[in-house]
Amino acid sequence: MSNENILERERQKEYIEKCRDFVSAFQTAHGRFPKACVVTFGCQMNARDSEKLSGILVQAGYTLTDAEEEADFVLYNTCTVRDNANQRVYGRLGYLNSLKKKKPHLKIALCGCMMQEQSVIEKIRKSYRFVDLIFGTHNIFQFAELLSRTLSSEEMVVEIWEGTDRIVENLPVKRKYSYKSGVNIMFGCNNFCSYCIVPYVRGRERSREPKDILREIEALVEDGVSEVMLLGQNVNSYGKNLENSVSFAELLKEVEKIEGLRRIRFMTSHPKDLSDELIEVMQRSTKICRHLHLPLQAGSDRILEAMNRRYTKAQYLALADKIKHAIPDIAITTDLIVGFPGETPEDVEETIDVVRKVQFDNAFTFIYSPRTGTPAAAMENQVPEDILHEGFDKLLAAVQETAKARAALLQGRVMEALVEEVNDQDPAFVTGRLGNNMLVHFKADRRLIGKYVMVVLDTCHGFYYTGRMVDWMGQTKHTRLGKMVDNQWLN
Ligand code: SAH
Ligand code: SF4
Ligand code: F3S
């Protein structure tokens, strides 16, 4: 990290102290610590940013809560990838306003991708005047400073940067999960897919130094993390802008060496940049999970070109084939868009054809949403709603069919699951995640959360399984928890 960024980190620490003074005064006045609620919209990057923002709030002395109604400080970390993400934020702001009327000291803050849009800021300044703080994606490292300014001001604080080349390392983090964590390896995106707003709101691609990434993962492992998800909008182009350029595959090889780390995931891979070197590293790895999220978006060459995806249907199919051949047990998932300008029902058939040929294990299917400022939003041939919904339903049915067929192949298999949480429907059950990203629900003690157990996949419910915990030999475990924890395979 440069000297300038080290100084910045120290500066922010001083602001955390200032916030602590406010928190002490609050505690004296109210007889309790103030509570903060951070709500995350959007993708894994935002989720990781929220952990950093929460880390600063905790260091400032706030207690975190999931309940907005009991909070003294509410922060929405927003997403703007599709319009419905924005509408959800506006809808919930109305509710926050009603809370603030009952509790005037409530401070409301907004950050994240949506705040990088000029039109959004204008709208909030005009129609949501009760908001206290707005900042964007490029200056989240300044949060302590902005918080301290907000706490001592009655005016709306607005601080948005157009872009940045800065990466401030080692700010405090409050993780949501004790046993797994996201790790940013790069920020921003240079691809400019013609429908996508991300490059405009997240800025140009910037990679973190490998040593900073490795040090962060080592510290996470030391702190009980056994699974990491390496995050970037296009991890396959990691390292290109570094002084000593490093490939993503080379980074993975280094991450693999970290002792105590058990599972490695990453998101997202752009098909155009997926190298043979990466396939080889995945194939040899014992830690990289057998799951690849490989967004297709569309199957028609004409649409792919208009989307500026820079691969053809045939190239995508060949790539998927190559990956499946090299790593037969891999699960491939994808993102699909229906209704891109000019897309015809025949084009959607091409997408469905790829879904059937690749046999995706799962897919997120989105209806195209025009984003102001992107080339696609200015295209004339926007697709009428009725045609769009027809295509969407057909595509969804095809995806469900292949996902179900793929899941059914695992029936009766014994697989390793990381126990993630208590099942929300039945507290006697827990939810575990398999290496291929599939979920399995089974009866187990909640004290196994964060541990790896073997599970037999008994009943397929489409996208997930219910099962039973077993030992390595496939025998049902009847042992009491105390005994099982002594068993080496649980650690
Ligand atoms: N960097 C990742 C995706 C980030 S956005 C990648 O390239 O794969 C996540 C998904 O949102 C995209 O894969 C795309 O399917 C979808 N998406 C992005 N912009 C969209 C838009 N304007 N309308 C509908 N879906 C969109
Ligand atoms: Fe958006 Fe394309 Fe970048 Fe993904 S690769 S974030 S879809 S511009
Ligand atoms: Fe949304 Fe920003 Fe992620 S727009 S999808 S939160 S990068």
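A quick note: this is a predicted structure, and the numbers were derived from the prediction, not measured.

### Regarding the overall build of the protein
Working step 1: When you go through the protein residue by residue, the secondary structure sums to 14 helices and 19 strands.
Working step 2: Over its C-alpha atoms the protein spans a radius of gyration of 24 Å, differing by no more than 12% from the 23 Å that the globule rule assigns to 491 residues.
Working step 3: In terms of overall dimensions, the protein has C-alpha extents of about 65 × 60 × 50 Å along its principal axes.
Working step 4: A separation threshold of at least 6 residues defines the contact pool for the protein, and within that pool the share at least 24 residues apart is 73%.

### So, the sheet that holds strand 10 (residues 227–231)
Working step 1: Read across the sheet, three strands follow the order 7-10-11 without closing on themselves; strand pairing throughout is parallel. Where the open sheet ends on each side, the last strands, each with one partner, are strand 7 (180–184) and strand 11 (263–267). Each strand axis lies, on average, 25° off the axis of its neighbour in the sheet, ignoring direction.
Working step 2: Across five bridges, the pairing between strand 10 and strand 11 is parallel. Pairing of leucine 231 across the sheet is with methionine 267, part of strand 11.
Working step 3: Along the sheet, helix 7 (residues 210–222) makes contact with strand 7 and strand 10, crossing strand 7 at roughly 170°.

### Thoughts on the sheet that holds strand 6 (residues 157–159)
Strands pair in a sheet through their backbones, by hydrogen bonds, and they do so in one of two ways: parallel or antiparallel.
Working step 1: What the six strands build is an open sheet, ordered 2-1-3-4-5-6; its pairing is parallel. The sheet terminates laterally at strand 2 (63–64) and strand 6, the two strands that pair on one side only.
Working step 2: Judged from the six bridges that link them, strand 3 (residues 73–78) and strand 4 (residues 107–112) form a sheet pairing that is parallel. What sits directly across from phenylalanine 73, in strand 4, is lysine 107.

### Quick notes on the pairing of strand 11
Working step 1: The element strand 11 is largely enclosed, with a buried count of five among its five residues.
Working step 2: Every second residue of strand 11 is oriented toward a common face, with Arg263, Arg265 and Met267 on one face and Ile264 and Phe266 on the other, all of them buried.
Working step 3: The β-α-β motif built from strand 10, the intervening helix 8 (residues 248–256) and the parallel element strand 11 has right-handed crossover chirality.

### Some points on the pairing of strand 15 (residues 414–422)
Working step 1: Pairing of strand 15 with strand 18 (residues 452–460) involves five bridges; the strand directions are antiparallel. Of the residues in strand 18, the one forming a bridge with leucine 418 is tyrosine 452.
Working step 2: Pairing geometry for strand 15 and strand 16 (residues 429–434), over five bridges, is antiparallel. Within strand 16, the residue paired with glutamate 421 across the bridge is threonine 431.
Working step 3: Counting the residues between successive antiparallel strands, the hairpin from strand 15 to strand 16 contains six residues.

What counts and what doesn't
- Residues numbered from 1 in each chain as written.
- Chains lettered and ligands numbered in written order.
- Predicted model: local features only at pLDDT ≥ 70, side-chain atom pairs only at ≥ 80, totals over all residues.
- Heavy atoms only, no water.
- Helix = DSSP H or I, 4+ residues; strand = E, 2+ residues; numbered from the N terminus.
- Rg over C-alpha atoms; globule rule 2.2 N^0.38 Å.
- Contact = heavy atoms within 4.5 Å.
- Pairing = 2+ DSSP bridges.
- Axes fitted to C-alpha atoms, helices over the stretch in contact; angles between N-to-C directions.
- Buried < 20%, exposed > 50% of the residue type's maximum accessible area, 1.4 Å probe, protein only.
- Right-handed = clockwise from strand over helix to strand, strands pointing away.

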